[in-house]
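Residue strings, one per chain:
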Amino acid sequence: MNKVRIGIIGIGNIGSAHALNIFNGKIKGLELTALCDIDPNRFKWAKNTFGMQIPLYSDYRLLLKSGLVDAILIATPHSLHPFIAMDGFRANLHVLTEKPAGIDTFHVRQMNKAAKESGKIYAIMYNQRTNPLFARLKSMVEEGKLGEIKRFTWIVSNWYRTQAYYNSGTWRGSWSGEGGGVLMNQCPHNLDIWQWITGMPDKIRAFCKYGHYHNITVEDDVTIVAEYANKATAVFITSTGEYPGTNRMEYIGTKGKVIIEEGILKFYSLESDEREIRFTTDAASPNIDVYYEEFKQTEPESGHIGILQNFTDAILYNKDLLAPGYEGINGLTISNAAYMSDWLDSWIDLPLDEELYRRLLKEKQEKEVTIKKQAFKENLNGKYNERWQVRW
């Protein structure tokens, strides 16, 4: 092969952006050969944009059987990702899925199993892994420059969204559509980077606020506390209701700390491990030499195009994947555990009870449908219900 033919399933906001990048030749060796969506308006957009050059399908299964593609890119609502991917693997196709991998780890685990059995290339659109500062911190941790982890903190509240955003699609901001709120839609990249750098924690405790800033049933403000095997801790704070927001990451180890904020990585290092100083010096509060370096992000990460190019190169040249699809379950495990922790008001040990999570999520989805049906009925009877009149 000297090129990969790809079909995109779901050409909404992000799917259409991928389609334009591929069609315009921004990814070497990747050719757009088919598109699929169930929305007639997206069909019109595709015809106006690509003319008759790209075949269009309203049923993704027909695209899989068309013989026109070697790979698929899945950009549908979250809950459909595992099922379409598994059909893709059964059709002997390579698969790149948008984030998150799914809405529950049970079905994502099934997707991972199908991928392994197929032997095809399987990747996830974790484009934040192309960020040079995150990649540098990951390398520093792996090389032992920071020693053993003590604490990891990430405040990422610059995900501000208005009510108009949530009103823009009936699947947005819902348990039935997205499977969650800020954790499931905005933060999969952040949750992935967190575990990519630190590894997976042992247990999770979370506090979620549902519809705190918006007229939605899901969470728009979250604080997660996590604990690792060595008793180190992590704190993750996020929101779609703060403006101006913050994006600040801090990693503290026994040999120093790193702060990443506003495109700068600040590295504060010690000459020796802090534990040695703690137990060998006679001073109660010694002055310890700290060495400082900083690294600026001079160019933007390659982002979506970088992941698409890496996926293509993996198929054509057997290049290692930067974001293997199998790893999509890790960040999802954190978000699922966070929801379960809040619902049960308790710590959740990892790996979590997948069957219990699915049952609790189903209860949320059923309750949500009941609330919306009641609001719809009230509107028909002339009772104005501001909370749901737009969304239902």
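What comes next is a walk through the structure. If you're wondering where the values come from, they're calculated on a predicted model, not measured in any experiment.

1. Remarks on the overall build of the protein
If you tally the helices and strands in the protein, you get 13 helices and 15 strands. Dimensions along the principal axes, computed over C-alpha positions, put the protein at roughly 75 × 60 × 40 Å. Taken over 392 residues, the protein has a buried fraction of 50%. Carbon and sulfur atoms provide 49% of the accessible area of the protein, an area that totals close to 18,400 Å². Placing the 46 positive and 47 negative side-chain charges of the protein at their respective mean positions leaves the two points 6 Å apart.

2. A word on the packing of aromatic side chains
Applying the stated criterion to the full structure yields 18 aromatic pairs. When the centroid spacing of 5.5 Å and the interplanar angle of 90 degrees are considered together, the rings of W45 and F50 count as edge-to-face. Exposure remark for F50: the relative accessible area of 2% places this residue in the buried category. On the basis of an interplanar angle of 80 degrees and a centroid distance of 5.2 Å, the ring pair of W175 and Y339 is categorised as edge-to-face. On the criterion of sequence distance, the pair formed by W175 in the loop between α7 (163-167) and α8 (182-185) and Y339 in helix α12 (residues 328-344) is long-range, its members being 164 residues apart. Owing to a relative accessible area of 0%, Y339 belongs among the buried residues under this scheme. Feature note: the residues F134, F152, W154, W194, F236 and Y251 constitute an aromatic cluster, connected by ring pairs.

3. Some details on the layout of surface pockets
Computed from the structure, the largest pocket encloses a volume of approximately 1,100 Å³. Forming the boundary of the largest pocket are 38 residues, of which G12, A75, T76, P77 and W171 lie nearest the centre. Among the elements of the structure, α1 (13-23), α3 (60-65) and α4 (81-90) are those that each provide at least two residues to the lining of the largest pocket. Of the residues that constitute the lining of the largest pocket, the class distribution is 14 nonpolar, 15 polar and nine charged. Taken as a whole, the second largest pocket spans an internal volume of roughly 330 Å³.

Cut-offs used in this document
- Counting restarts for each chain: residues are numbered from 1 in the order of the written sequence.
- pLDDT decides what is reported in this predicted model: residues at 70 or higher carry local features, side-chain atom pairs at 80 or more are listed and counted, and totals for whole chains, interfaces and linings draw on all residues regardless.
- Side-chain metrics in this entry use all non-hydrogen atoms of the structure; hydrogen atoms and water are not considered.
- The way it works is that DSSP assigns letters per residue, a run of H or I at least four long becomes a helix, a run of E at least two long becomes a strand, and they are numbered from the N terminus.
- Buried means the residue's accessible area, taken with a 1.4 Å probe over protein chains only, is under 20% of the maximum for its type, while exposed means over 50%, and partly exposed covers the values in between.
- Where accessible areas are quoted, they stem from the Shrake-Rupley method and a 1.4 Å probe; at the residue level, only the protein chains shown are allowed to cover.
- Under the convention used here, Asp and Glu are negative, Lys and Arg are positive, and both His and the chain ends fall outside the count.
- By convention, the charge on Lys lies at NZ, on Arg at CZ, on Asp at CG and on Glu at CD.
- Between the rings of Phe, Tyr and Trp (Trp by its six-membered ring), a pair exists once the centres lie within 6.5 Å; its type follows the angle of the planes, with under 30 degrees stacked, over 60 edge-to-face, and the other angles tilted.
- Cavities and pockets were defined on a 1 Å grid built over protein atoms only: a cavity is a set of grid points that admits a 1.4 Å probe from which the probe cannot escape, a pocket is an open set flanked by protein on both sides within 12 Å along at least five of seven lines, and lining residues are those with an atom within 4 Å of any such point.
- Grid points are joined across faces, edges and corners, and a volume is the space filled by probe spheres set on the points.
- Think of it as three bins: nonpolar holds Ala, Val, Leu, Ile, Met, Phe, Trp, Tyr, Cys and Pro, charged holds Asp, Glu, Lys and Arg, and polar takes everything else, Gly as well.

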